[in-house]
Amino acid sequence: MVDFKSARIAMVDRQVRPSDVTNYAIIESMLWTPREQFAPKAWRDVAYVGEHIPLGDGRVALDCRTFAKMLEAAQIGSDDLVLDLAPGLGYSTAVIGRLAAAAIGIEPDEAMADSASKTLNELGVDNAVISQGDPAAGDPDHGPFDVILINGAVETAPEALLQQLKDGGRLVAIWTEGALSQCRVTRRAGDAFTTRRAFDASAPILAGFEKAKAFVF
């Protein structure tokens, strides 16, 4: 029988804190959120191991270290509205809900979206919602957003998402370019966007975020 509370504390002490994640709100939120309840049943006993959790169809729930460092890079404030894209079974949305004023998750898989919503309700996370939809399209009806976080790797960021950022808003994602893979933060300033490297990280590329293939004769 796994002691999940002890495993959660160990995860924070051995994976999150040593990775230069110093924001106390992030640490507190990850200590509170029962990651095992958002994992596929076959993976619950190893929910706090420092690896991505397979979700099927080539998708993963990001490992705790990578996710925590993305949150640190996002600089989420307590008044922020956050769009959480491809959250799978909802762990990321639950954690973000404790950091932000509100979190909206857009999950392409209907069954996972339904499961995530049920778990959020059971835990009483009442400022976070998850609905089924296309992550690459974002959620223009409820934006603009202070932060957009993508749970997976991208080769390109759709213009539709960038336009859903508020002035000063941040888009955080893992970018893959050939052998190079790193988390980057794109910040909006008026109609201009600047991007900086945050840290090295890798994950499977999400459907809808692939670079268009060039036509070759």
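Placed above this text is the structure.
The model shown is predicted, which means the values in this text are computed figures rather than measured ones. (Residues numbered from 1 in each chain as written. Predicted model: local features only at pLDDT ≥ 70, side-chain atom pairs only at ≥ 80, totals over all residues. Heavy atoms only, no water.)

*Asks:* It is not clear to me how the pairing of strand E4 (residues 102-107) should be interpreted in this structure. Could you clarify?
*Replies:* Along any regular strand, the residues point their side chains to alternate faces of the sheet. The buried fraction of E4 is high, at five of six residues. Of the strand pairs in this sheet, strand E3 (residues 81-85) and E4 are connected by five bridges, and their pairing is parallel. Pairing of Val-82 across the sheet is with Ala-103, part of E4. For the handedness criterion, the β-α-β arrangement of E3, helix H4 (residues 91-97) and E4 is classed as right-handed. Inspection of the sheet shows E4 paired to strand E5 (residues 128-132) by five bridges, in the parallel sense. In the strand pairing of E5, Gly-105 is matched with Ile-130. Remark: the E4/helix H5 (residues 110-123)/E5 crossover connection has right-handed handedness. (Buried < 20%, exposed > 50% of the residue type's maximum accessible area, 1.4 Å probe, protein only. Helix = DSSP H or I, 4+ residues; strand = E, 2+ residues; numbered from the N terminus. Pairing = 2+ DSSP bridges. Right-handed = clockwise from strand over helix to strand, strands pointing away.)

*Asks:* Is there a simple way to think about the pairing of strand E9 (residues 192-200) in this case?
*Replies:* Of the strand pairs in this sheet, strand E8 (residues 180-189) and E9 are connected by eight bridges, and their pairing is antiparallel. For Ala-189, the partnering residue across the bridge sits in E9 and is Ala-192. Between the antiparallel neighbours E8 and E9 lie two residues, among them Gly-190 with a positive phi of about 65°.

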